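Below, each chain spelled out in residue letters.
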Amino acid sequence: MMPLRKIFAIPTCLLWSMVSMAQQPQGELPKILANINGSLNYSVKQFNGTDLVSRQIFNKGGVLKTNTGTWALHVKNTAVSGHPEAVDIIASFRVENGTASSSAVDVSFNFGKWSRDNYVLVPASIYNGNRYRSIGDGYSPAYPKDMYYNPAVPLTISNNPRLAIERGKASVIQLQTGNAATPAMCFFSEKKKKGFIVLTGQLTKLGNNGLTISENEAQDNCSFSISAPAVRKLAPGFGDFHPSGDLAPDWKAGNEISLHFRVYVFNAQNIPELLTRFMQIRKELSGPNQPRNILPMSKAFEVVSTITRNRFVTVPAGSYYLPENNDDFQLGWVSGMMNTYPMLALNDEKERNRVGAELDFIVDKLQGKSGYFYGGITAKGELRPEKMNPDFKPLQAMVRKNADALLWMMKHMMLLKAQGNERSIKKEWEESARKLAAAFVRTWKAHGEFGQYIAPETGEIAVYNSTAGAIAPAGLALASNYFHNPAWMKVAGDAAKFYYHRDVEMQGLTGGDCGDISQDANSESAFGFLESLMALYHYTGEKQWLKMAEVQAALCSSWTISYDPVFPQNSDIGKLGSHMAGAVWASIQNKHSAPGICTASGDYLFKLFRATGNLQYADLIRDIQHAQAEAVNMPPNHITTNNLVGSSMERIQPSDAEGKGSIGNFINTRNSWTETNGILMAMELPGIYLNTDSKKIYVFDHVEAKTIANTSSGTTIQIANPTSYDANVSVLGETAKQAAGPLSYTAFVNWPKVKVKAGETLKVRVDHAGVVTLL
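Residues numbered from 1 in each chain as written. Predicted model: local features only at pLDDT ≥ 70, side-chain atom pairs only at ≥ 80, totals over all residues. Heavy atoms only, no water.

### Here's the deal with the nonpolar core
For step 1, the next point in the chain: Core analysis: the largest hydrophobic core is formed by 187 residues, its most contacted members being Met410, Phe440 and Leu605.
For step 2, the next point in the chain: If you tally residues by element for this core, the top one is helix α7 (residues 399-418), at 12 residues.
For step 3, the next point in the chain: Here Phe440 is in contact with Tyr372, Val399, Asn402, Ala403, Leu406, Phe450, Ala472 and Leu476, once residues within four sequence places are set aside.
For step 4, the next point in the chain: If you look at the next biggest cluster of nonpolar residues, it comprises 45 residues, including Ile32, Val87, Leu175 and Leu259. (Core = buried A, V, L, I, M, F, W, Y, C linked by side-chain atoms within 4.5 Å. Buried < 20%, exposed > 50% of the residue type's maximum accessible area, 1.4 Å probe, protein only. Helix = DSSP H or I, 4+ residues; strand = E, 2+ residues; numbered from the N terminus. Contact = heavy atoms within 4.5 Å.)

### Quick notes on the environment of Arg282
For step 1, the next point in the chain: Checked against the element boundaries, Arg282 lands in the loop between α3 (271-281) and α4 (297-309).
For step 2, the next point in the chain: For Arg282, a relative accessible area of 6% puts it in the buried group.
For step 3, the next point in the chain: Distance from Arg282 to Pro123, taken between C-alpha atoms, is 10.0 Å for residues 159 residues apart in sequence.
For step 4, the next point in the chain: Within the local environment of Arg282, its side chain forms a polar contact with the backbone oxygen of Thr560, the two atoms lying 3.2 Å apart. (Polar contact = N/O pair within 3.5 Å; in protein donor to acceptor, adjacent residues only side chain to side chain.)

### Some details on the sheet that holds strand β16 (residues 210-215)
For step 1, the next point in the chain: As summarised here, the arrangement of the six strands in space is β2-β1-β6-β17-β16-β11, forming an open sheet in which the pairing is antiparallel. What marks the edges here is a single partner per strand, and that holds for β2 (51-57) and β11 (171-176). The average undirected angle you get between the axes of adjacent strands in this sheet is 25 degrees.
For step 2, the next point in the chain: Bridge count for β16 against strand β17 (residues 222-228) is six bridges, and the pairing is antiparallel. (Pairing = 2+ DSSP bridges. Axes fitted to C-alpha atoms, helices over the stretch in contact; angles between N-to-C directions.)

### Some points on the pattern of salt bridges
For step 1, the next point in the chain: Summed over all chains, the structure comprises 39 salt bridges.
For step 2, the next point in the chain: Between Lys490 and Asp494 there is a salt bridge, and its shortest N-O distance comes to 2.6 Å. With Lys490 and Asp494 both in helix α10 (residues 486-507) and four residues apart, the pair spans about one turn of that helix.
For step 3, the next point in the chain: A salt bridge links Lys660 to Asp656, with the nearest nitrogen and oxygen atoms 3.3 Å apart.
For step 4, the next point in the chain: A relative accessible area of 42% places Lys660 in the partly exposed class.
For step 5, the next point in the chain: With a relative accessible area of 2%, Asp656 lands in the buried category. (Salt bridge = Lys/Arg side-chain N within 4 Å of Asp/Glu carboxyl O.)

### Thoughts on the sheet that holds strand β27 (residues 453-454)
For step 1, the next point in the chain: Here we have three strands laid out as an open sheet, ordered β26-β27-β28, and antiparallel in their pairing. In this open sheet, the two strands that pair with only one neighbour each are β26 (397-398) and β28 (461-463).
For step 2, the next point in the chain: Strand direction decides the pairing type here: β27 and β28, joined by two bridges, are antiparallel. Residue pairing for β28: Tyr453 is matched across the bridge by Val463.

### Examining helix α9 (residues 472-483)
For step 1, the next point in the chain: Look at α9: 16 Å from first C-alpha to last across 12 residues, which is about the 16 Å you get at 1.5 Å a residue.
For step 2, the next point in the chain: Of all the positions in α9, only Ala472, Pro473, Ala474, Gly475, Leu476, Ala477, Leu478, Ala479, Ser480, Tyr482 and Phe483 are classed as buried.
For step 3, the next point in the chain: Against the buried residues of α9 lie α7, α8 (427-447), α10 and α11 (523-540). (Expected span 1.5 Å × (residues − 1).)

### Digging into the side chain of Asn130
For step 1, the next point in the chain: Position of Asn130 among the secondary structure elements: in the loop between β8 (126-127) and β9 (133-134).
For step 2, the next point in the chain: A residue is classified by how much of its surface remains accessible, and Asn130, at 1% relative accessible area, is buried.
For step 3, the next point in the chain: Residues contacting Asn130, with those up to four places away along its chain left out, are Ser125, Ile157, Asn160, Pro161, Arg162, Leu163 and Ile588.

### Side note on the packing of α8 against α9
For step 1, the next point in the chain: Two numbers describe how α8 lies on α9: the axes approach to 10 Å, and their chain directions differ by 130 degrees. Here α9 runs oblique to α8, going by the angle between their axes. Handedness of the α8/α9 crossing: left-handed. Where α8 abuts α9, its residues Glu430, Ala433, Arg434, Ala437, Phe440 and Val441 lie against Ala472, Leu476, Ala479, Tyr482 and Phe483.
For step 2, the next point in the chain: Within the contact of α8 with α9, the residues separate by chemical class into nine nonpolar, no polar and two charged. (Parallel < 35°, antiparallel > 145°, perpendicular 65-115°, else oblique. Left-handed = near helix turned anticlockwise from the far one by under 90°. Nonpolar A, V, L, I, M, F, W, Y, C, P; charged D, E, K, R; others polar.)

### Some points on the packing of aromatic side chains
For step 1, the next point in the chain: Tallied over the entire structure, the rule returns 40 aromatic pairs.
For step 2, the next point in the chain: Ring centres 5.9 Å apart and planes at 90 degrees place the aromatic pair Phe196 and Phe224 in the edge-to-face group. One end of the pair, Phe196, is in strand β13 (residues 194-200); the other, Phe224, is in strand β17, and 28 residues separate them in sequence.
For step 3, the next point in the chain: Under the relative-accessibility criterion, Phe196 is labelled buried at 0%.
For step 4, the next point in the chain: These aromatic residues form a ring-pair network of at least three members: Phe109, Phe111, Trp114, Phe187, Phe196, Phe224 and Phe261.
For step 5, the next point in the chain: One cation-aromatic arrangement involves Lys411 over Tyr341; the distance from NZ or CZ to the ring centre is 5.0 Å. (Phe/Tyr/Trp six-rings, centres within 6.5 Å; stacked < 30°, edge-to-face > 60°. Lys NZ or Arg CZ within 6 Å of the ring centre and 35° of its normal.)

In structure tokens:
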């Protein structure tokens, strides 16, 4: 049970001084809902365990008489400033006399003339209603034979909550707010050109709220319901379901609870407009989150680079930095040939030679005849096949891993040039990258997509569909510029347009680029595709890519926790008091959030902020960075993994997908990819960003900064370090004209840095050229 003071935004005495529902003007709500054939009712549901026994609806007078007592309902409707299409509602339920056993209160939006073609979204859980073919009954199900070498394979997901793909079948989705990155339910109607979003709070004193979507057998009526508390028959797991263990409470006279929610109904021409509106309003009910400054980015770089230094091995297969907790190697995805990049950024001869040895190993041992790479190799030198079926013999590899490989090979060589170490670049590396880029181009020209799995020996697509090639356009764009091959830029653009139209514009999702899911919607492909769109904007300057990137960023925001969830007080996160807005959900199969993006810094969000001036993009990557820091193991005062200093792992768990006991608890292990994205953010995001024309400042690092003077010689900034660690803060100062142009992928190499000791406050001047002087 949460303390009452944490639950109610309005004092109870004030709630109960309101007039009854019958007397309270309903304002614009009925009119707004009528635009989408919607209505609203309030009810009490009684359960036997998790089986619904009865549902009784309040009358228009706000009274409900049951066999055991009388309920009263008070509703307050408030217009939302700046949003004529929105209404804020607080519905308060009270037992006036008698009792109510095993009961939950419920607010239900009912939509008539519904269409199964409506796009339905619950952030991080439901995309396009999850109305797709489903396979398996557990984590990472095997693919059936018909999914191989079949260009017509339908998008196929694991066993997740979903609306029925079959016609003439009723379906219900039962979630609780811990299953959503933002407690919200949304839909877009193509026929009516309308969007609907309802935001609610995480919980009341009864626990997390329930989110339920029910569609009738005719699929012409659907309801979106919010309940207190959540009472689900089954809780969704990682591709399966298990008994929820939810319990509705017993009520007695005087017991009361309120539900706070906000409704938006607005004109929308397409799914992208719904996504964009969602990003704009996703924090409006919960209010601004409060990221904590606890770990300077420079300290994060220090501790993670120490871990990586100590995990370089030479085994029979070759020499490399370990990307896993064993001696085997995976390329891309979970940090293989990604954790090398920060080590190269050290500009240290020993680490540079080690990075070179790993690149040699990858080129020599993993590239197939087609130009594509195999996805991994054991320490003993045996290739690791992926998603195999016994009926098909050629070894397969993830398209995602190959896209990562192309992008990161190019970034490594670009960094070496930026450091003045161009002579270290081997012709074999460049030739390998050319072969890989050419393989992607051949696949695109032959099939008009990149597929999900390929056979590196032959170059054939083994499994089609999905957005597994989300990052491939970025890799091709970098390769096109590096090797002066404009034809590759054309393919990158054509591929990006295809994926944007088919997946984002028409389905409101991207997915399938994670090695342990099916073709489920996931965050990694969403962020990866944003990388591609910003790469195309970087090299072409064409505004079409920027517009697509803004929609894609909105999709990314739907995967990112928008508020600071309340975790159980005795959980690991609860004890630390961590603020986890910014944790990134994995996929609709893997129902957990994690520290950071798998696997990237998300600097493309910063670049989108530079290009548009929209603070939402800066806020999003700041939130992600700060949530990642909350998961870093920094003994003695901030223990998370019980592992290496600076380590982190892939669990920030708000849901009960792994059991109620898992909520808010870390796992006593470490994951290289979560450490790698942390160190990448420390490198590729400026600690402090200043527009020297507007004098506007934005802080990404764990320091406090503000402008205190502006003169002809520059802007004076006061920087305070409230953390327990010394900080070396990078500062990027630039003019509006400079901000309008592309930011080099290796710009961080030249950013000036300011040393600020723990607890220290100092002043610096940033001149119009971005030069920083300590005052």
